[in-house]
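Listed below, chain by chain, are the residues.
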Amino acid sequence: MNIVQIETKPYDGQKPGTSGLRKAVKVFQQQNYTENFVQAILSAVQPSAVGSTLVVGGDGRYYGPEVVDLIIKIAAANGVKKLIVGLKSILSTPAVSCIIRKYKATGGIVLTASHNPGGPNNDFGIKYNTSNGGPAPESVTNAIYELSKTITSYKIIPDLKCSIDYCGHQYFKVDDKEFEVEVIDPVSDYLQLMKSIFDFDAIRKLIKGSDNKPPFNILIDSMNGVTGPYVKKIFIDELGAPSNNAVNIIPLSDFGGLHPDPNLTYADALVKALQNGTYDLGAAFDGDGDRNMILGKKAFFINPSDSLAVLANNLDCIPYFIKNGVKGFARSMPTGAAIDRVAAKLGKELFEVPTGWKFFGNLMDVGRLSLCGEESFGTGSDHIREKDGIWAVLAWLSVIANVNESVETILTKHWKTFGRNYFTRYDYENCESEPCNQMMVDLEKNVTDPSVIGQKFTSGQKVYILKQADNFEYCDPIDKSVTIKQGIRVLFEDGSRFVFRLSGTGSSGATIRLYAESYEPPSSNILEDAQVALKPLVQIALEISKLPQFTGRNAPTVIT
Ligand code: G16
């Protein structure tokens, strides 16, 4: 096999965002664009790329199989020893993490733009995960970016032909050394891991019904993303749910035109299907299977920040935690602080990290973190180093099987014990970048001016007194790396707060996220609609930030 060195020129903007490089498919299809980035990854992880084993797969979106083929040819030319590839390029993000860890691989390349729409006119993405199975830390992504700015050539074996349409081992001779591609079933390793974490018999009993108990009726929506085969195997074949209780379970390269983001706006079909009360629990996942949304009967919505807190308080329903114990908890800064109250009650450490799952990895690796989550519909534990949508549903089913109560009752009882952290997020998607950047600069300047401390802001009957504001900064307790400018927080005397940050996962333009939160103690008003409860605070956030003036938007694209 002949290795060929191809001359190339750098492209601007190959800077990975919150989780990898995400751009329009057409951007990745430009001459050498994808090749440059793959070469930059392999060069950045040198010398370990030489003789290394990498896991490769993605969410099944358009352009994935072509990029897998390129990765095989470029990896072989760069001295990689072995690739473990998902059949037909399919591997969910949690499965990649599981497989990297199980087979002690050097790392993995995940082909996904997560919850962004797919197809020839939509998005593609590439991210690198390290040997702990988690998204590469900024030291690695910065190194990749720096290399992408100066790249002059890449190495490839154009004649290497390798099929990923059947499972098995394929061997090639490159430079007198053996190069192996192993194509694997995407589901089996992940299924084994789930079986080692949860009590499948108990969940099966719940779903099928037993003694005098009727079946617990679930509806799972894979939104035509990668979770389809996992859902079929786990919920239908293994746990006995009727086959029509899972929908959109064939991965499609354009997600069938859906926007595979499991929230109340884009997963509205699930919301509608649950409204008439037929189902006891509904769940949806995003394109690559790491996000989850959970609904109770009649589409009772579980906010992800509450979901995390409920699981934290009930980990003794899950064999994995009974066996391994519960270390600390963590959430991203914008995530509602409901879990902080559980941590305080249980006497556990609580970490507040910037947005991005990669910030949880170090804490898990040193054994200080068991359960973590983010408001962006991410929940997970130290069983892998990615958030895990299917794991989250199995965790909820374990709790329900154990306490024998409905989703709504579990959550209401939780609020009655801990009080309620009302939480909402407003997204303003696809705005023009420049005015958004300016809004953030102005906002930071205004709210961090010492003269605003103590200032009163009134909306309707509510008066908020500004206590403190900053742009969130984080020093990793383990490697001491410092990450700055992670969102502008404005805190008020009564414990309410709002946060503004720009999304790091979009492929073009800018998305502003506004997060608002307030706390009501158990004896107080805990059953109000979150939108009603938080409206005055949101009003003030819009006023202080002048968002409507900067963006020309009078309403958000998505409200959670
Ligand atoms: C990614 C990260 C998450 C993070 C989210 C934030 O999610 O993996 O840890 O919470 O981005 O997105 P944004 O920067 O748009 O607010 P995913 O599911 O897109 O990989």
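Only a predicted model underlies this, so the values are computations on that prediction, with no experimental measurement involved.

1. Observations concerning the pattern of salt bridges
Counted by the stated rule, this structure contains 30 salt bridges. Close ionic contact of lysine 73 with aspartate 69 constitutes a salt bridge, the shortest N to O distance being 2.8 Å. Taken together, the residues span about one helical turn, with lysine 73 and aspartate 69 both in helix 3 (residues 64-77) at a distance of 4 residues. Lysine 73 sits in the buried class, given a relative accessible area of 13%. Given a relative accessible area of 28%, aspartate 69 falls into the partly exposed group.

2. Some remarks on the domain arrangement of the chain
In terms of domains, the chain is made up of domain 1 (4-186), domain 2 (189-418) and domain 3 (420-559). Between domain 1 and domain 2, the C-alpha centre-to-centre distance is 29 Å. In this complex, domain 1 contributes 36 residues to the contact, which on the side of domain 2 involves 36 residues. For the domain 1 and domain 2 pair, buried surface summed over both sides reaches about 2600 Å², with 56% attributable to carbon and sulfur atoms. Between domain 1 and domain 2 we count 3 salt bridges in total. We note a salt bridge from lysine 102 to aspartate 189, for which the minimum N-O separation is 2.7 Å. At the surface where domain 1 touches domain 2, the tally comes to 16 residue pairs in polar contact (both at pLDDT 80 or more). Per-element accounting of the side of domain 1 that touches domain 2 gives the leading share, 8 residues, to helix 4 (residues 93-102). Classifying every residue of the side of domain 1 that touches domain 2 gives 13 nonpolar, 17 polar and 6 charged.

3. A look at empty space enclosed by the protein
Applying the stated criterion across every chain, the model contains 3 cavities of 30 Å³ or more. Here the largest cavity defines a volume of roughly 210 Å³. Around the largest cavity, the lining comprises 24 residues; the ones closest to its centre are Thr18, Arg291, Ser376, Lys387 and Thr505. Of the residues that constitute the lining of the largest cavity, the class distribution is 3 nonpolar, 10 polar and 11 charged. Computed from the structure, the second largest cavity encloses a volume of approximately 90 Å³. Along the wall of the second largest cavity there are 15 residues; nearest its centre are Pro16, Gly20, Lys127, Tyr128 and Thr141. Ranked by residues supplied to the lining of the second largest cavity, first place goes to strand 6 (residues 123-129) with 3 residues. Partitioning the lining of the second largest cavity into residue classes produces 8 nonpolar, 5 polar and 2 charged.

4. As for the environment of valine 25
Checked against the element boundaries, valine 25 lands in helix 1 (residues 25-28). Distance from valine 25 to proline 260, taken between C-alpha atoms, is 16 Å for residues 235 residues apart in sequence. Once residues lying within four places of it in the same chain are set aside, the contact partners of valine 25 are Tyr62, Tyr63, Gly119, Pro120, Asn122, Asp123 and Phe124.

5. Some details on the sheet that holds strand 15 (residues 328-332)
Pairing is mixed in the open sheet, where 4 strands are placed in the order 16-15-17-18. Two strands close off the open sheet at either side, each with one partner strand: strand 16 (350-353) and strand 18 (378-381). Each adjacent strand pair in this sheet contributes to an overall mean axis angle of 15 degrees, direction not counted. The pairing of strand 17 (residues 369-374) with strand 18 spans 4 bridges and is classified as antiparallel.

6. Comments concerning helix 14 (residues 389-403)
In a regular helix each residue adds 1.5 Å, so 15 residues correspond to 21 Å; helix 14 covers 22 Å between its end C-alpha atoms and thus fits that length. In terms of burial, helix 14 is a largely internal element, 12 of the 15 residues being buried. Inspection of helix 14 places Gly389, Ile390, Trp391, Ala392, Val393, Leu394, Ala395, Trp396, Leu397, Ser398, Val399 and Ile400 among the buried residues, and these make up the whole buried set. N-cap assignment for helix 14: the residue whose side-chain oxygen lies 3.5 Å from the backbone N of isoleucine 390 is aspartate 388. One or two residues past the end of helix 14 sits asparagine 404, with phi positive at roughly 65 degrees.

Reading guide: rules and limits
- Residues numbered from 1 in each chain as written.
- Predicted model: local features only at pLDDT ≥ 70, side-chain atom pairs only at ≥ 80, totals over all residues.
- Heavy atoms only, no water.
- Salt bridge = Lys/Arg side-chain N within 4 Å of Asp/Glu carboxyl O.
- Helix = DSSP H or I, 4+ residues; strand = E, 2+ residues; numbered from the N terminus.
- Buried < 20%, exposed > 50% of the residue type's maximum accessible area, 1.4 Å probe, protein only.
- Domains from an automatic or database assignment.
- Contact = heavy atoms within 4.5 Å.
- Buried area = accessible area lost by both parts, 1.4 Å probe.
- Polar contact = N/O pair within 3.5 Å; in protein donor to acceptor, adjacent residues only side chain to side chain.
- Nonpolar A, V, L, I, M, F, W, Y, C, P; charged D, E, K, R; others polar.
- 1 Å grid on protein atoms, 1.4 Å probe; cavity = no way out; pocket = protein on both sides within 12 Å on 5 of 7 lines; lining within 4 Å.
- Points joined across faces, edges and corners; volume = space filled by probe spheres on them.
- Pairing = 2+ DSSP bridges.
- Axes fitted to C-alpha atoms, helices over the stretch in contact; angles between N-to-C directions.
- Expected span 1.5 Å × (residues − 1).

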